[in-house]
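Examination of the molecular architecture
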Amino acid sequence: MSILEGKSPSLEPKTDEKKVAIFWDLDNKQPKSFPPFDAAIRLKKAASSFGFVHYMIAYANHHAFSYVPPDVREQRKERKVLNKLENRGVIKPVVPYLCRVCGRKFHTNDKLVNHFKQLHEREQVKRLNRLESSRGKRRVQLVGKLSMKMEKYKNAARDVLTPKVGYGLADELKRAGFWVRLVSDKPQAADVALRNQMVEMMDRKRADCIVLVSDDSDFVDVLREAKLRCLKTVVVGDNNDGALKRCADVGFSWKEIMLGKAKKEAVSVVGRWKDRDVLKKLEWTYKSELGEDESDIDDSEFEIEDEDIKDTVSEAGGDLVKKEDIKPWWELDSDIDDPPAKSFK
(Lines give C-alpha, C1' and ligand atoms only; values in the text may rest on other atoms or scores of the structure.)
Protein backbone atom coordinates (compact mmCIF):
# COMPACT_ATOMS: atom_id res chain seq x y z
CA MET A 1 0.00 0.00 0.00
CA SER A 2 1.35 3.41 -0.94
CA ILE A 3 1.67 6.34 1.40
CA LEU A 4 -1.20 8.18 -0.28
CA GLU A 5 -3.51 5.19 0.03
CA GLY A 6 -2.80 4.65 3.70
CA LYS A 7 -4.85 6.56 6.25
CA SER A 8 -3.48 7.70 9.54
CA PRO A 9 -5.79 6.71 12.43
CA SER A 10 -5.15 10.03 14.18
CA LEU A 11 -6.46 11.99 11.17
CA GLU A 12 -9.67 10.01 10.84
CA PRO A 13 -12.66 11.73 12.49
CA LYS A 14 -14.25 9.96 15.40
CA THR A 15 -17.83 9.28 14.44
CA ASP A 16 -18.90 8.35 17.96
CA GLU A 17 -17.48 11.54 19.52
CA LYS A 18 -20.15 13.82 20.96
CA LYS A 19 -20.56 17.45 19.95
CA VAL A 20 -20.07 19.87 22.84
CA ALA A 21 -21.38 23.45 23.01
CA ILE A 22 -20.26 25.94 25.69
CA PHE A 23 -22.67 28.72 26.72
CA TRP A 24 -21.23 31.42 28.99
CA ASP A 25 -23.45 33.87 30.89
CA LEU A 26 -20.95 36.69 31.46
CA ASP A 27 -23.50 38.85 33.25
CA ASN A 28 -23.81 36.25 35.98
CA LYS A 29 -20.45 34.50 36.01
CA GLN A 30 -17.17 36.23 35.19
CA PRO A 31 -13.64 34.93 35.82
CA LYS A 32 -13.04 37.65 38.38
CA SER A 33 -10.19 35.99 40.24
CA PHE A 34 -8.58 34.43 37.15
CA PRO A 35 -7.21 35.91 33.90
CA PRO A 36 -9.95 35.71 31.23
CA PHE A 37 -7.78 34.05 28.60
CA ASP A 38 -6.48 31.38 30.97
CA ALA A 39 -9.98 30.71 32.32
CA ALA A 40 -11.38 30.33 28.80
CA ILE A 41 -8.60 27.94 27.73
CA ARG A 42 -8.99 25.80 30.87
CA LEU A 43 -12.75 25.73 30.36
CA LYS A 44 -12.33 24.56 26.78
CA LYS A 45 -9.91 21.82 27.84
CA ALA A 46 -12.30 20.55 30.49
CA ALA A 47 -15.22 20.59 28.04
CA SER A 48 -13.17 18.71 25.44
CA SER A 49 -13.16 15.71 27.80
CA PHE A 50 -16.88 15.26 27.05
CA GLY A 51 -16.39 15.40 23.28
CA PHE A 52 -15.34 17.70 20.48
CA VAL A 53 -16.06 21.36 21.25
CA HIS A 54 -17.95 22.76 18.26
CA TYR A 55 -19.37 25.99 19.70
CA MET A 56 -18.18 28.48 22.35
CA ILE A 57 -20.58 31.38 22.88
CA ALA A 58 -20.59 34.17 25.49
CA TYR A 59 -23.31 36.78 26.07
CA ALA A 60 -23.06 39.99 28.07
CA ASN A 61 -24.07 43.65 28.10
CA HIS A 62 -21.95 46.81 28.33
CA HIS A 63 -21.78 46.70 32.11
CA ALA A 64 -20.12 43.29 32.10
CA PHE A 65 -17.40 44.41 29.67
CA SER A 66 -16.77 47.69 31.51
CA TYR A 67 -16.43 45.98 34.90
CA VAL A 68 -12.94 45.79 36.42
CA PRO A 69 -12.30 43.14 39.12
CA PRO A 70 -10.76 44.25 42.42
CA ASP A 71 -7.56 42.29 41.76
CA VAL A 72 -7.00 44.11 38.47
CA ARG A 73 -7.63 47.46 40.17
CA GLU A 74 -4.99 46.72 42.79
CA GLN A 75 -2.48 45.75 40.12
CA ARG A 76 -3.10 49.00 38.25
CA LYS A 77 -2.63 51.05 41.42
CA GLU A 78 0.65 49.31 42.17
CA ARG A 79 1.80 49.92 38.60
CA LYS A 80 1.11 53.66 38.94
CA VAL A 81 3.11 53.87 42.15
CA LEU A 82 6.05 52.05 40.54
CA ASN A 83 5.94 54.36 37.54
CA LYS A 84 6.17 57.41 39.80
CA LEU A 85 9.12 55.96 41.71
CA GLU A 86 10.90 55.05 38.47
CA ASN A 87 10.40 58.54 37.04
CA ARG A 88 11.87 60.12 40.20
CA GLY A 89 14.84 57.80 40.08
CA VAL A 90 14.09 56.24 43.46
CA ILE A 91 14.10 52.71 42.08
CA LYS A 92 15.56 51.21 38.93
CA PRO A 93 14.37 48.05 37.21
CA VAL A 94 16.74 45.11 37.35
CA VAL A 95 16.04 44.30 33.70
CA PRO A 96 15.22 47.16 31.29
CA TYR A 97 11.79 47.22 29.67
CA LEU A 98 11.83 45.67 26.22
CA CYS A 99 9.59 46.61 23.31
CA ARG A 100 8.39 43.33 21.83
CA VAL A 101 7.73 44.92 18.44
CA CYS A 102 10.98 46.66 17.57
CA GLY A 103 13.29 45.37 20.33
CA ARG A 104 14.26 48.75 21.87
CA LYS A 105 14.99 48.91 25.61
CA PHE A 106 13.80 51.51 28.12
CA HIS A 107 14.67 52.23 31.76
CA THR A 108 11.15 53.26 32.76
CA ASN A 109 7.73 51.85 31.95
CA ASP A 110 6.31 55.27 31.03
CA LYS A 111 8.90 55.72 28.29
CA LEU A 112 7.99 52.28 26.89
CA VAL A 113 4.29 53.15 26.87
CA ASN A 114 4.90 56.53 25.17
CA HIS A 115 7.13 54.90 22.56
CA PHE A 116 4.53 52.22 21.89
CA LYS A 117 1.69 54.72 21.48
CA GLN A 118 3.57 57.22 19.34
CA LEU A 119 5.11 54.69 16.97
CA HIS A 120 3.52 51.25 16.91
CA GLU A 121 -0.04 52.25 17.69
CA ARG A 122 -0.03 54.75 14.82
CA GLU A 123 1.37 52.13 12.48
CA GLN A 124 -1.39 49.75 13.51
CA VAL A 125 -4.06 52.37 12.77
CA LYS A 126 -2.56 52.93 9.30
CA ARG A 127 -2.65 49.18 8.59
CA LEU A 128 -6.30 48.95 9.59
CA ASN A 129 -7.19 51.94 7.41
CA ARG A 130 -5.45 50.34 4.42
CA LEU A 131 -7.41 47.13 4.93
CA GLU A 132 -10.72 48.98 5.21
CA SER A 133 -10.12 50.98 2.04
CA SER A 134 -9.01 48.01 -0.09
CA ARG A 135 -11.35 45.58 -1.86
CA GLY A 136 -11.23 42.26 -3.65
CA LYS A 137 -7.87 40.76 -4.58
CA ARG A 138 -5.98 43.74 -3.19
CA ARG A 139 -7.52 43.21 0.23
CA VAL A 140 -6.60 39.53 0.24
CA GLN A 141 -2.99 40.37 -0.60
CA LEU A 142 -2.81 43.00 2.15
CA VAL A 143 -4.20 40.61 4.75
CA GLY A 144 -1.52 38.07 3.87
CA LYS A 145 1.17 40.73 3.93
CA LEU A 146 0.20 42.50 7.17
CA SER A 147 -1.18 39.62 9.25
CA MET A 148 2.12 38.82 10.97
CA LYS A 149 2.78 42.45 11.90
CA MET A 150 -0.75 42.96 13.20
CA GLU A 151 -0.60 39.80 15.31
CA LYS A 152 2.78 40.83 16.72
CA TYR A 153 1.37 44.22 17.68
CA LYS A 154 -1.65 42.67 19.44
CA ASN A 155 0.53 40.35 21.51
CA ALA A 156 2.79 43.22 22.57
CA ALA A 157 -0.01 45.71 23.23
CA ARG A 158 -1.69 43.26 25.60
CA ASP A 159 1.16 43.70 28.12
CA VAL A 160 2.01 47.34 27.51
CA LEU A 161 -1.25 49.23 27.03
CA THR A 162 -4.10 49.45 29.52
CA PRO A 163 -7.55 48.80 28.00
CA LYS A 164 -9.63 51.94 27.71
CA VAL A 165 -12.81 50.13 28.84
CA GLY A 166 -12.82 47.35 31.41
CA TYR A 167 -9.89 44.99 31.47
CA GLY A 168 -10.05 43.52 27.98
CA LEU A 169 -12.55 40.75 28.73
CA ALA A 170 -14.07 40.60 25.24
CA ASP A 171 -10.70 40.63 23.46
CA GLU A 172 -9.30 37.92 25.71
CA LEU A 173 -12.29 35.64 25.18
CA LYS A 174 -12.15 36.18 21.42
CA ARG A 175 -8.47 35.32 21.48
CA ALA A 176 -9.38 32.05 23.22
CA GLY A 177 -11.85 31.19 20.46
CA PHE A 178 -15.17 32.34 21.96
CA TRP A 179 -17.85 34.05 19.95
CA VAL A 180 -18.69 37.10 22.12
CA ARG A 181 -22.12 38.65 21.65
CA LEU A 182 -23.02 42.07 23.03
CA VAL A 183 -26.68 42.55 24.02
CA SER A 184 -28.68 45.54 25.20
CA ASP A 185 -28.58 46.83 28.77
CA LYS A 186 -32.16 45.78 29.47
CA PRO A 187 -32.71 43.45 32.45
CA GLN A 188 -32.37 39.75 31.61
CA ALA A 189 -31.40 40.58 28.01
CA ALA A 190 -28.37 38.30 28.09
CA ASP A 191 -30.35 35.47 29.71
CA VAL A 192 -33.07 35.61 27.08
CA ALA A 193 -30.57 35.68 24.21
CA LEU A 194 -28.60 32.82 25.70
CA ARG A 195 -31.71 30.69 26.27
CA ASN A 196 -32.86 31.27 22.70
CA GLN A 197 -29.44 30.28 21.40
CA MET A 198 -29.47 27.07 23.44
CA VAL A 199 -32.96 26.12 22.25
CA GLU A 200 -31.95 26.79 18.65
CA MET A 201 -28.93 24.52 19.04
CA MET A 202 -31.14 21.77 20.45
CA ASP A 203 -33.74 22.15 17.70
CA ARG A 204 -31.11 21.86 14.98
CA LYS A 205 -29.38 18.98 16.83
CA ARG A 206 -25.99 20.66 16.71
CA ALA A 207 -24.89 19.55 20.17
CA ASP A 208 -24.95 16.33 22.18
CA CYS A 209 -23.57 17.88 25.39
CA ILE A 210 -24.28 21.36 26.78
CA VAL A 211 -21.83 23.12 29.11
CA LEU A 212 -23.44 26.10 30.86
CA VAL A 213 -21.32 28.62 32.78
CA SER A 214 -23.75 30.32 35.14
CA ASP A 215 -25.34 30.26 38.58
CA ASP A 216 -28.63 31.76 37.42
CA SER A 217 -31.61 29.52 38.26
CA ASP A 218 -33.53 30.91 35.26
CA PHE A 219 -31.79 28.30 33.08
CA VAL A 220 -33.33 25.35 34.94
CA ASP A 221 -36.12 24.94 32.39
CA VAL A 222 -33.63 24.88 29.52
CA LEU A 223 -31.55 22.19 31.23
CA ARG A 224 -34.65 20.10 31.86
CA GLU A 225 -35.62 20.42 28.22
CA ALA A 226 -32.11 19.33 27.22
CA LYS A 227 -32.35 16.25 29.45
CA LEU A 228 -35.74 15.38 27.98
CA ARG A 229 -34.08 15.43 24.57
CA CYS A 230 -31.40 12.99 25.86
CA LEU A 231 -28.63 15.61 25.91
CA LYS A 232 -25.87 15.61 28.53
CA THR A 233 -25.73 18.71 30.73
CA VAL A 234 -22.74 20.18 32.59
CA VAL A 235 -22.83 23.28 34.81
CA VAL A 236 -19.83 25.40 35.83
CA GLY A 237 -20.46 27.71 38.80
CA ASP A 238 -19.48 28.46 42.36
CA ASN A 239 -22.90 27.79 43.91
CA ASN A 240 -22.61 24.16 44.98
CA ASP A 241 -26.17 23.89 46.29
CA GLY A 242 -27.74 25.79 43.39
CA ALA A 243 -30.72 24.67 41.36
CA LEU A 244 -28.65 24.37 38.19
CA LYS A 245 -26.22 21.82 39.60
CA ARG A 246 -29.07 19.79 41.07
CA CYS A 247 -30.75 19.68 37.67
CA ALA A 248 -27.62 19.00 35.58
CA ASP A 249 -25.88 15.67 35.12
CA VAL A 250 -22.62 16.98 36.60
CA GLY A 251 -21.36 20.27 38.04
CA PHE A 252 -17.93 21.85 38.58
CA SER A 253 -16.63 24.99 40.27
CA TRP A 254 -14.22 27.52 38.79
CA LYS A 255 -11.51 26.30 41.12
CA GLU A 256 -11.87 22.75 39.83
CA ILE A 257 -11.71 24.05 36.26
CA MET A 258 -8.55 26.06 36.85
CA LEU A 259 -6.76 23.34 38.84
CA GLY A 260 -7.54 20.66 36.26
CA LYS A 261 -9.67 18.51 38.58
CA ALA A 262 -12.69 18.85 36.31
CA LYS A 263 -10.77 17.42 33.35
CA LYS A 264 -9.75 14.38 35.41
CA GLU A 265 -13.23 13.80 36.80
CA ALA A 266 -14.75 14.13 33.34
CA VAL A 267 -13.15 10.85 32.29
CA SER A 268 -15.07 8.88 34.93
CA VAL A 269 -18.25 10.84 34.19
CA VAL A 270 -18.08 9.94 30.50
CA GLY A 271 -17.53 6.31 31.47
CA ARG A 272 -20.67 6.31 33.60
CA TRP A 273 -22.64 7.91 30.76
CA LYS A 274 -21.51 5.20 28.33
CA ASP A 275 -22.44 2.43 30.78
CA ARG A 276 -25.86 3.97 31.31
CA ASP A 277 -26.45 4.24 27.57
CA VAL A 278 -25.52 0.59 27.09
CA LEU A 279 -27.90 -0.49 29.84
CA LYS A 280 -30.71 1.55 28.30
CA LYS A 281 -30.15 -0.07 24.91
CA LEU A 282 -30.17 -3.53 26.48
CA GLU A 283 -33.36 -2.72 28.39
CA TRP A 284 -35.12 -1.51 25.24
CA THR A 285 -34.10 -4.58 23.21
CA TYR A 286 -35.18 -6.92 26.01
CA LYS A 287 -38.60 -5.29 26.25
CA SER A 288 -39.16 -5.44 22.51
CA GLU A 289 -38.20 -9.13 22.34
CA LEU A 290 -40.40 -9.89 25.33
CA GLY A 291 -43.35 -8.16 23.71
CA GLU A 292 -42.90 -10.16 20.51
CA ASP A 293 -42.75 -13.46 22.45
CA GLU A 294 -45.88 -12.64 24.40
CA SER A 295 -47.79 -11.75 21.27
CA ASP A 296 -46.67 -14.99 19.60
CA ILE A 297 -47.71 -17.06 22.59
CA ASP A 298 -51.11 -15.44 22.82
CA ASP A 299 -51.81 -15.89 19.10
CA SER A 300 -50.76 -19.52 19.15
CA GLU A 301 -52.91 -20.20 22.19
CA PHE A 302 -55.90 -18.67 20.48
CA GLU A 303 -55.20 -20.67 17.34
CA ILE A 304 -54.90 -23.88 19.34
CA GLU A 305 -58.11 -23.16 21.20
CA ASP A 306 -59.92 -22.47 17.93
CA GLU A 307 -58.61 -25.72 16.45
CA ASP A 308 -59.70 -27.67 19.56
CA ILE A 309 -63.17 -26.18 19.36
CA LYS A 310 -63.43 -27.09 15.69
CA ASP A 311 -62.25 -30.66 16.40
CA THR A 312 -64.70 -31.14 19.24
CA VAL A 313 -67.54 -29.77 17.15
CA SER A 314 -66.61 -31.96 14.20
CA GLU A 315 -66.28 -35.02 16.43
CA ALA A 316 -69.65 -34.34 18.02
CA GLY A 317 -71.26 -33.82 14.65
CA GLY A 318 -69.67 -37.02 13.33
CA ASP A 319 -71.13 -39.08 16.18
CA LEU A 320 -74.58 -37.68 15.51
CA VAL A 321 -74.32 -38.47 11.84
CA LYS A 322 -73.19 -42.02 12.62
CA LYS A 323 -76.11 -42.54 14.99
CA GLU A 324 -78.60 -41.23 12.46
CA ASP A 325 -77.13 -43.40 9.69
CA ILE A 326 -78.08 -46.63 11.56
CA LYS A 327 -81.73 -46.50 10.34
CA PRO A 328 -83.40 -45.10 7.27
CA TRP A 329 -84.94 -41.76 7.64
CA TRP A 330 -88.46 -42.98 6.77
CA GLU A 331 -88.61 -45.63 9.48
CA LEU A 332 -89.97 -44.84 12.89
CA ASP A 333 -88.54 -45.90 16.16
CA SER A 334 -91.56 -48.12 16.79
CA ASP A 335 -90.97 -49.97 13.54
CA ILE A 336 -87.46 -50.77 14.58
CA ASP A 337 -88.54 -52.04 17.97
CA ASP A 338 -91.41 -54.18 16.52
CA PRO A 339 -90.36 -56.02 13.35
CA PRO A 340 -93.03 -56.17 10.61
CA ALA A 341 -95.20 -59.29 10.31
CA LYS A 342 -94.55 -61.86 7.59
CA SER A 343 -96.85 -61.71 4.64
CA PHE A 344 -98.90 -64.89 3.72
CA LYS A 345 -99.39 -65.83 0.21
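On a predicted model such as this, the values are computed, not experimentally measured, just so you know.

What follows covers the overall build of the protein. Regarding its fold elements, the protein presents 12 helices and eight strands. The buried share of the protein, taken over its 345 residues, is 32%. Put simply, of all contacts in the protein between residues at least 6 apart along the chain, 65% involve residues at least 24 apart. Approximately 24000 Å² of the protein is accessible, and the part contributed by carbon and sulfur atoms is 54%.

Glancing now at the packing of helix α7 (residues 189–203) against helix α8 (residues 220–228). Where α7 meets α8, the axes come as close as 10 Å, and the angle between the chain directions of the two elements is 5°. One way to sum up the angle between α7 and α8 is to call them roughly parallel. In this structure, α7 contributes Arg195, Met198 and Met202 to the contact, and α8 contributes Val222, Glu225 and Ala226.

This paragraph deals with a positive patch on the surface. Where like charges cluster on the molecular surface, the positive patch consists of Arg73, Lys77, Lys80, Lys84 and Arg88. Positionally, Lys84 belongs in helix α3 (residues 70–88).

Residue placement: Asp208 occurs in the loop between α7 and β6 (209–213). Residues Asp208 and Cys230 lie 22 residues apart in sequence; the distance between their C-alpha atoms is 8.1 Å. When near neighbours in sequence (up to four residues on either side) are disregarded, Asp208 contacts Lys18, Lys19, Leu231 and Lys232.

Attention now goes to unusual backbone geometry. Positive phi, close to 65°, is recorded for Gln188, a residue that is not glycine. Assignment of secondary structure puts Gln188 in the loop between β5 (179–182) and α7. Look at Cys230: it is not a glycine, yet its phi comes out positive at around 65°. If you trace the backbone, Cys230 turns up in the loop between α8 and β7 (232–236). With relative accessibility at 64%, the residue Cys230 sits in the exposed group.

Let's shift gears to the UniProt feature "domain: C2H2-type" (unreviewed entry) in the protein. The feature "domain: C2H2-type" (unreviewed entry), as given by UniProt, occupies residues 97–125 in the numbering adopted here. Note that residues 97–125 is 59% helix and 14% strand, and that its end C-alpha atoms are spaced 24 Å apart.

Parameters and conventions
Residues numbered from 1 in each chain as written. Predicted model: local features only at pLDDT ≥ 70, side-chain atom pairs only at ≥ 80, totals over all residues. Heavy atoms only, no water. Helix = DSSP H or I, 4+ residues; strand = E, 2+ residues; numbered from the N terminus. Buried < 20%, exposed > 50% of the residue type's maximum accessible area, 1.4 Å probe, protein only. Contact = heavy atoms within 4.5 Å. Areas by Shrake-Rupley, 256 points an atom, 1.4 Å probe, with all protein chains shown as cover. Axes fitted to C-alpha atoms, helices over the stretch in contact; angles between N-to-C directions. Parallel < 35°, antiparallel > 145°, perpendicular 65-115°, else oblique. Patch = residues over 30% accessible without salt bridge, like charges linked within 9 Å, V, L, I, M, F, W, Y side chains within 5 Å. Salt bridge = Lys/Arg side-chain N within 4 Å of Asp/Glu carboxyl O. Lys, Arg positive; Asp, Glu negative; His and termini not counted. Charge placed at Lys NZ, Arg CZ, Asp CG, Glu CD. UniProt positions renumbered as here; feature names shortened; annotations may be inferred.

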